[in-house]
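# Residue-level structural notes
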Amino acid sequence: MASVHLSFCQLAGNRPPSHRSRRLPVRCADDRQALFNRIAPVYDNLNDLLSLGQHRVWKRMAVSWSGAKVGDNVLDLCCGSGDLAFLMSEKVGPTGKVIGLDFSKEQLLIAASRQHSRPKACYKNIKWVEGDALNLPFSDSYFDAVTIGYGLRNVVDKQKAMKEMYRVLRPGSKVSVLDFNKSTNPFTASFQEWVIDTVVVPAATGFGLAKEYRYLNSSIQEFLTGKELEKLALETGFSNARYFEVGGGLMGNLVATR
Ligand SMILES: C[S@@+](CC[C@H](N)C(=O)[O-])C[C@H]1O[C@@H](n2cnc3c(N)ncnc32)[C@H](O)[C@@H]1O
């Protein structure tokens, strides 16, 4: 599978920067790629610590919503160190195929080493591909299901990413998009911001990664609400789109059917 050249640089979204995004150094695809390379060594530990292990539950839900079943050919986009790809692998079993795609080489190296150190036979069905979510190296209607966990918020062009997911999905199949929820409830939104500022960033500081995690709040503010995600999916051409809040409204999952 060919890897994709990634030397583009594009401002994140068209909106004027908010007071938070002004202190945000992460502005283009190359910056983001570098950021995810830097946090790769501690990414899994921090996820467990910061969500008290809950991200595993949300990821299982996301996989189940994707509709993946035994023997399917599936894609985990922005796979990082592979959590969702491993769960997809268990779903589709040894007769199925999983591709985990990411543009961070460091994340993919960790995913591959986790794959080798895990004994489950089905994990042999996973291939890691270095590539760009905005220009997928797969033919049309290639996959039976797609997952993307905490990835859509991080790509520089969400519309293009949705179009690419739509293109590579077989008609009738689903994409499951797990991410932070941009809540329209002021209490939930303030609580989420407070947790990130007072728990997540200080914890990341302990790993020397405060700057890298400070982008979280602004990336959520610049993300789409559940309703906006449903609208984006329908405008992209998906026939059905539903958004579910999870984790007390801190997280959300869009399920769209091609
Ligand atoms: C927050 S991590 C999520 C990793 C994993 N899905 C999880 O849930 O733990 C976001 C991932 O998206 C990847 N990413 C961001 N933009 C991308 C793009 N345009 N193409 C491919 N990967 C991208 C990053 O490299 C990073 O590994």
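Residues numbered from 1 in each chain as written. Predicted model: local features only at pLDDT ≥ 70, side-chain atom pairs only at ≥ 80, totals over all residues.

Within an unreviewed UniProt entry, the label attached to the protein reads 2-phytyl-1,4-beta-naphthoquinone methyltransferase, chloroplastic, and the organism entered is Escallonia rubra.

### Focus on the site of the ligand
Surveying the vicinity of the ligand reveals 20 residues, the closest of which are F36, C78, G80, S104 and G149. Contributing elements (two or more residues each) for the shell around the ligand: helix 2 (29-51) and helix 4 (83-92). A total of three residues in the shell around the ligand trace back to one element, the largest contributor, which is helix 2. In terms of residue class, the shell around the ligand is built from ten nonpolar, six polar and four charged. (Near = placed C-beta within 6 Å. Helix = DSSP H or I, 4+ residues; strand = E, 2+ residues; numbered from the N terminus. Nonpolar A, V, L, I, M, F, W, Y, C, P; charged D, E, K, R; others polar.)

### A few points about helix 7 (residues 186-206)
Taking 1.5 Å of rise per residue, the 21 residues of helix 7 would be expected to cover 30 Å, and the 30 Å separating its terminal C-alpha atoms lies within 8% of that figure. Approximately 35° is the largest bend angle found in helix 7, and it occurs at I196. When we look at burial in helix 7, the residues that qualify are Q192, V200 and A204. Looking at the buried side of helix 7, the elements it contacts are helix 2 and helix 8 (210-221). Of the residues flanking the end of helix 7, it is G208, one or two places downstream, whose phi is positive at about 75°. (Expected span 1.5 Å × (residues − 1). Bend = angle between axes of the 7 residues up to and from the residue. Buried ≥ 20, exposed ≤ 12 C-beta atoms within 10 Å, placed from the backbone. Contact = placed C-beta atoms within 7 Å.)

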